[in-house]
Amino acid sequence: ADGSRTAFLSAAGAAPVYLRASVVVTFRDGEGRLLPQTPEAGVDYEITFGEDWGFRDGYFYWTEPVSPGSSTKALVERFAPLGATDGGIYLRLDILPESSEAGWGVWFP
């Protein structure tokens, strides 16, 4: 395996929701502590985002309401480190989702 990952978002609850998410990539040490260096796409890692997501003001938006128990298409289609890291240092990808109940407001760009 090449270490690549795919990420989707799912809706839970009783009502359809709009979903948005920010994506954060960081370096961590062997004990999981955040390191001050900022990883660079294309230098430290490769990432491919899904085509069906909008992007605005630092957030990825799914433009249709997501029904309970349903999922979006892939937000991250591929994430993989480029090259080796030293001394137990690794890359961490965090997806920070937010939701708004459909009908209460519109988040899409």
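Heads up: the structure comes first, above all this text.
Here we summarise the structure given alongside this text.

About the criteria used
- Residues numbered from 1 in each chain as written.
- Predicted model: local features only at pLDDT ≥ 70, side-chain atom pairs only at ≥ 80, totals over all residues.
- Heavy atoms only, no water.
- Helix = DSSP H or I, 4+ residues; strand = E, 2+ residues; numbered from the N terminus.
- Buried < 20%, exposed > 50% of the residue type's maximum accessible area, 1.4 Å probe, protein only.
- Contact = heavy atoms within 4.5 Å.
- Areas by Shrake-Rupley, 256 points an atom, 1.4 Å probe, with all protein chains shown as cover.
- Polar contact = N/O pair within 3.5 Å; in protein donor to acceptor, adjacent residues only side chain to side chain.
- Salt bridge = Lys/Arg side-chain N within 4 Å of Asp/Glu carboxyl O.
- Pairing = 2+ DSSP bridges.
- Axes fitted to C-alpha atoms, helices over the stretch in contact; angles between N-to-C directions.

### Topic: the overall build of the chain
Step number 1: Of the regular secondary structure elements, the chain holds 0 helices and 6 strands.
Step number 2: Going from N to C terminus, the chain has its helices and strands arranged as β-β-β-β-β-β.
Step number 3: Expressed as a percentage of the 109 residues in the chain, the buried residues total 31%.
Step number 4: In the chain, the share of contacts with a sequence separation of at least 24, taken over all contacts with a separation of at least 6, comes to 78%.
Step number 5: When the accessible surface of the chain is summed, it comes to about 6700 Å², and 50% of that surface belongs to carbon and sulfur atoms.

### So, the side chain of arginine 20
Step number 1: Take arginine 20: it is sitting in strand S1 (residues 17-28).
Step number 2: Since its relative accessible area comes to 16%, arginine 20 is described here as buried.
Step number 3: One polar contact links arginine 20 to tyrosine 61, side chain to side chain, over a distance of 3.2 Å.

### Let's talk about the pattern of salt bridges
Step number 1: For the coordinates displayed, the defined rule picks out 7 salt bridges.
Step number 2: In this structure, aspartate 29 and arginine 33 form a salt bridge, with 2.7 Å as the shortest nitrogen-oxygen distance.
Step number 3: The exposure class assigned to aspartate 29 is buried, which follows from its relative accessible area of 12%.
Step number 4: Its salt-bridge partner being glutamate 31, residue arginine 33 comes within 3.1 Å of it at the nearest N-O pair.
Step number 5: Of the residues examined, glutamate 31 reaches a relative accessible area of 63% and is grouped as exposed.

### A look at the sheet that holds strand S6 (residues 90-101)
Step number 1: Spatial strand order, S3-S4-S1-S6: 4 strands in an open sheet with antiparallel pairing. Edge positions in the sheet fall to strand S3 (54-56) and S6, since each has one partner strand and no second. Averaged over all adjacent pairs, the angle separating strand axes in this sheet is 30 degrees, with direction ignored.
Step number 2: Relative to strand S4 (residues 59-66), S3 runs antiparallel, the two sharing 3 bridges. Note on S4: the bridge partner recorded for phenylalanine 55 is phenylalanine 60.

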